[in-house]
Every structure is written in structure tokens, then in C-alpha cells.
Amino acid sequence: MTGTVIAIPVYNGFDATARCLRALAAARPSAPHRVLIINDASPDARVAPLLDDWVLAQANAQVRHNAINRGFTWNVNQAFVAARDDEHVCLLNSDTEVSIGWLDTMLATAGEDARIGTVTPFSNNATICSFPDFTRAWPLPSRDERERMARALQVEPAPAIDLPTGVGFCMLITAACRAAVGRFDVDNFPRGYGEENDFCMRAAAAGFRNVLCPNAYVAHEGGVSFSEATQALMKEGAARLLGKHPSYDAEVATWIARDPVKARREAVVRALAAPQRAAGVNSV
């Protein structure tokens with residue numbers, strides 16, 4: 001059975017990273033996997049021992065500590081290099097919190113079609129993969145809320161839904177896609193901000209599908225506020241992305257107008273509300 005490398009780049013964010021690792025340990029995927037954490041020279045002195053201690057307590061986990069800061073895209077590419085030819089790679093941001101069945105369900109979606117190259121789950125904060133309403137960032141749910149969401153999604157599984165691009169907060173890249181498309185473009189997107197969109201566009205050009213797994217849920221804290229430096233990086237990344245893929249914005253806009261995930265979102269909202277109605281509780 002094909003394994004998966006769960007790759008977690010880390011830079012500071014001590015509290016969020018601690019929550020991420022706790023959730024990851026609690027979820028316990030049944031599919032073969034190993035965890036690779038890359039600490040990108042975090043200046044917060046608490047981060048390295050946090051990662052070292054977590055890895056010691058886990059099976060099939062490793063942490064690498066960069067001597068100097070390399071940037072998000074470089075770190076992702078190190079995970080690609082570390083993965084065996086037959087292993088998928090699942091990128092997982094250090095400010096995410098996975099829920100029950102997350103990886104197994106995403107792998108099941110990837111197995112629906114050999115042409116599937118990337119798989120992204122639902123989240124509270126994942127642009128076009130956000131739930132209950134896409135393109136909007138929702139508050140980070142509690143553990144109970146995200147587990148309830150995950151169970152509701154898995155009651156009646158739905159097939160993969162095509163996306164114009166995956167979303168990098170949590171994105172599974174199949175071994176076949178990685179072999180055909182190559183690594184992330186570190187030259188154009190050294191700090192991130194467009195790197196996964198570029199990869200997904202290249203994957204589509206190579207004949208692969210970027211899809212939503214409509215049966216998995218991964219919470220994502222995301223940026224609460226953006227500094228001027230971050231905004232500048234985002235603007236530069238967007239310009240570079242359009243320079244490489246002029247049709248990108250139009251493809252995303254067309255997909256948003258069609259909203260092919262609407263029926264699935266509405267079905268899950270009904271499923272979530274049903275137990276509460278039965279118990280005489282008003283749904284939110």
C-alpha cells in the first residue's frame with residue numbers, strides 16, 4: 001500500500017503548532033504514513049524542544065532543524081525530496097487542526113481516479129474550500145465542533161469535486177502527480193504566496209485533476225491580520241502567478257460563479273442541523 005509523508009513546515013507559532021501536533025497525534029490515521037516536520041530556523045526558543053519532544057513520543061516521525069531560514073517553498077521541496085517515489089505527500093500548515101478520518105478520507109478520494117493529482121479538504125478558512133460558505137474565513141472551531149463536522153461529512157460520502165486549484169493549508173499531492181509535475185517553483189515563490197496555485201496549474205496542464213475531498217474537514221487558523229510586508233509578498237506572488245498562468249484569475253472566477261460545491265455544502269448543513277432539531281436545539 002502506498003504511504004504518505006505528512007510534511008509540516010514550522011516557523012514560530014508556538015501555540016498554534018502545539019495545537020496542530022496534539023490534533024495530529026489524536027487523529028491517528030490508519031493508512032501508512034510518516035511525519036516530517038521542518039523547523040525553518042524559528043527564533044522562538046520554545047519551538048525546537050516542542051518539536052523534538054513530540055517526535056520522540058511518536059512512531060514514524062522526524063524533525064529537521066534548518067540552520068538558517070530557507071522559506072516555505074524550499075521546505076516543501078525538501079519534503080518532496082525526502083519522499084520515496086511511491087509515497088504521496090500531504091502538506092499540512094502548522095496552524096491547522098486535523099479531525100477524525102482526515103487523511104484516510106482524503107486518500108480514499110485520491111483513489112477514485114488515477115488522474116487526481118491534488119486533494120484539499122473542507123475547512124473553516126480555506127478560500128474556495130471553506131465551509132459552510134466558501135470564499136469566507138470562518139472562526140476556528142472547537143475540537144468538539146470540528147469532530148462533529150468531520151463525522152457529518154463522512155456519514156454519506158460524496159465523490160470528488162473538481163477545483164481550479166488546491167489550497168495549500170492542507171493539500172495531498174499524489175505520488176504520480178509529484179513525479180510528473182516536479183517540485184514547487186522556489187525561484188518565483190520563495191516565501192510562498194502562490195506556490196501551490198502554480199503547482200496546481202502545472203498539474204492541470206499535465207492532465208491531473210485538482211479536487212475537493214467533500215468528506216474531510218481540517219480546521220485552519222490562518223492569518224488574523226496581515227502586515228504590510230505580508231501584503232507586499234501576496235501582491236508579488238499574485239503577479240508572478242498571473243505572469244506564468246494568465247488564465248488563472250478567470251478560471252477561478254468562473255468556478256466561483258458556477259459554485260459546484262453548493263449542493264454538497266447545503267446537504268452537510270442539513271445533516272448537521274438534523275440531530276439538533278431532534279433534540280430540540282436551535283441549529284447555528
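Just above, that's the structure.
Here is a short report on the structure shown in this document. (Residues numbered from 1 in each chain as written. Predicted model: local features only at pLDDT ≥ 70, side-chain atom pairs only at ≥ 80, totals over all residues. Heavy atoms only, no water.)

1. Focus on the overall build of the protein
Part 1 of the argument: Across its full length, the protein holds 10 helices and 9 strands.
Part 2 of the argument: A globule of 284 residues ought to have a C-alpha radius of gyration of about 19 Å, and the protein, at 18 Å, matches this closely.
Part 3 of the argument: For the protein, the C-alpha atoms occupy an extent of roughly 55 × 45 × 45 Å along the three principal directions.
Part 4 of the argument: Within the protein, buried positions represent 52% of all 284 residues.
Part 5 of the argument: Within the protein, counting contacts between residues at least 6 apart in sequence, those at least 24 apart form 82% of the total.
Part 6 of the argument: For the protein, the accessible surface area stands at approximately 13,100 Å², while carbon and sulfur atoms represent 54% of it.
Part 7 of the argument: For the protein, the separation between the mean place of its 28 positive charges and that of its 31 negative charges on side chains is 2 Å. (Helix = DSSP H or I, 4+ residues; strand = E, 2+ residues; numbered from the N terminus. Rg over C-alpha atoms; globule rule 2.2 N^0.38 Å. Buried < 20%, exposed > 50% of the residue type's maximum accessible area, 1.4 Å probe, protein only. Contact = heavy atoms within 4.5 Å. Areas by Shrake-Rupley, 256 points an atom, 1.4 Å probe, with all protein chains shown as cover. Lys, Arg positive; Asp, Glu negative; His and termini not counted. Charge placed at Lys NZ, Arg CZ, Asp CG, Glu CD.)

2. Side note on the pairing of strand β4 (residues 88-92)
Part 1 of the argument: Of all 5 residues in β4, 5 are buried; the element is thus mostly enclosed.
Part 2 of the argument: Here β4 shows a buried face lined by H88, C90 and L92 and a second buried face lined by V89 and L91.
Part 3 of the argument: Across 4 bridges, the pairing between β4 and strand β8 (residues 170-173) is antiparallel. What sits directly across from V89, in β8, is I173. (Pairing = 2+ DSSP bridges.)

3. Observations regarding the packing of aromatic side chains
How two aromatic rings sit relative to each other is given by the distance of their centres and the angle of their planes.
Part 1 of the argument: Overall, the coordinates contain 5 aromatic pairs when judged by the stated rule.
Part 2 of the argument: Seen in terms of ring centroids, F80 and F184 are 5.5 Å apart; in terms of plane orientation they differ by 75°. Their pairing is edge-to-face. One end of the pair, F80, is in helix α3 (residues 72-82); the other, F184, is in the loop between α6 (175-181) and α7 (195-205), and 104 residues separate them in sequence.
Part 3 of the argument: Taking the relative accessible area as the measure of exposure, F184 reaches 4% and is therefore buried.
Part 4 of the argument: Its guanidinium or amino end placed over the ring of W138, R136 lies 3.8 Å from that ring's centre, counting from NZ or CZ. (Phe/Tyr/Trp six-rings, centres within 6.5 Å; stacked < 30°, edge-to-face > 60°. Lys NZ or Arg CZ within 6 Å of the ring centre and 35° of its normal.)

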